[in-house]
Amino acid sequence: MTSATPAEPASDALQTLLAAMEREHATTVRVLRAFPADRLDLQPHPKSKTARDLAWLFVQEQGLVEKALTTGFDWSAPPSAPPPVPETLDEIVDAFEAAHGRVVGLVRGMSADDLRQTVQFFVAPKTMGDIPKIDFLWFLLHDQIHHRGQFSVYLRMADARVPSIYGPTADEPWF
């Protein structure tokens, strides 16, 4: 995880984070939009999420970021039921776009002191810890990238075109 250090002013760390968030978001949207809307029930294995549920996870994670940056988490209260997963891919992508916009707006308004504040979240199985907010932001951005990789496998299984992510694919060669 990346955090601001004396050698890296908080404003530089924040700008680096925001640029990464915007770049990775655009790539994730491209991957989501490549999925065939009529295949959202694809489930590669009984232990795997459906494509619909995996796509919705991107929205849920933005909700975690929003909560971490605003109210924080109340781990003493029972978890509330998550909102229902939309039926269509367009609804999921629209919700992801809206949530990303809210998160970026919050991050743009953060100061160096805000970035150093901590949020309590899981640091290992059944283990809570205090995480600086900037580290939490990087953690969830990396988790988005991880799940996007999973989703790209779903694309191939659905016989869809896999867009370029960090380099060429069989469907989008660079030369």
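Residues numbered from 1 in each chain as written. Predicted model: local features only at pLDDT ≥ 70, side-chain atom pairs only at ≥ 80, totals over all residues. Heavy atoms only, no water.

**Focus on a nonpolar patch on the surface**
And then number 1: A cluster of nonpolar side chains, namely Trp75, Phe122 and Met128, defines an oily patch on the protein surface of about 260 Å² accessible area.
And then number 2: Its location among the elements puts Met128 in strand S2 (residues 127-132).
And then number 3: Note on Met128: relative accessible area 30%, which makes it partly exposed. (Patch = residues over 30% accessible without salt bridge, like charges linked within 9 Å, V, L, I, M, F, W, Y side chains within 5 Å. Areas by Shrake-Rupley, 256 points an atom, 1.4 Å probe, with all protein chains shown as cover. Salt bridge = Lys/Arg side-chain N within 4 Å of Asp/Glu carboxyl O. Helix = DSSP H or I, 4+ residues; strand = E, 2+ residues; numbered from the N terminus. Buried < 20%, exposed > 50% of the residue type's maximum accessible area, 1.4 Å probe, protein only.)

**A look at the pairing of S2**
And then number 1: The pairing of strand S1 (residues 118-124) with S2 spans 6 bridges and is classified as antiparallel. For Phe121, the partnering residue across the bridge sits in S2 and is Gly129.
And then number 2: With antiparallel pairing between neighbouring strands as the criterion, S1 and S2 make up a hairpin whose turn holds 2 residues, including Lys126 at a positive phi of roughly 55°. (Pairing = 2+ DSSP bridges.)

**A few points about a negative patch on the surface**
And then number 1: A contiguous patch of negative charge on the surface is contributed by Glu87, Glu91, Asp94 and Glu97.
And then number 2: With respect to the secondary-structure elements, Glu87 resides in the loop between helix H2 (51-69) and helix H3 (89-108). (Lys, Arg positive; Asp, Glu negative; His and termini not counted. Charge placed at Lys NZ, Arg CZ, Asp CG, Glu CD.)

**With respect to the nonpolar core**
The nonpolar side chains of a soluble globular protein tend to be buried, and buried together.
And then number 1: Grouped together as the largest cluster of nonpolar side chains are 24 residues, with contacts concentrated most on Leu17, Met21, Val107, Phe136 and Leu137.
And then number 2: At the level of elements, helix H1 (10-33), H2, H3, S1 and helix H5 (133-157) are the ones that each hand at least two residues to this core.
And then number 3: Other than its neighbours up to four places away in sequence, Met21 contacts His100, Val103, Val104, Val107 and Leu141.
And then number 4: Counting 23 residues, the second-largest nonpolar core is a separate cluster that includes Val29, Leu42, Val93 and Tyr154. (Core = buried A, V, L, I, M, F, W, Y, C linked by side-chain atoms within 4.5 Å. Contact = heavy atoms within 4.5 Å.)

**A word on the pattern of salt bridges**
And then number 1: This structure, assessed with the given rule, holds 8 salt bridges.
And then number 2: Glu22 serves as the salt-bridge partner of Arg108, at 3.4 Å between the closest nitrogen and oxygen. With Arg108 in helix H3 and Glu22 in helix H1, this pair connects stretches of sequence that are 86 residues apart.
And then number 3: Glu22 gets classed as partly exposed once you look at its relative accessible area, which sits at 31%.
And then number 4: With a closest N to O distance of 3.1 Å, Arg102 and Glu66 form a salt bridge. Taken as a pair, Arg102 in helix H3 and Glu66 in helix H2 lie far apart in primary sequence, 36 residues in all.
And then number 5: On the accessibility criterion, Glu66 (21% relative accessible area) is partly exposed.

In short, geometric facts, not functional conclusions.
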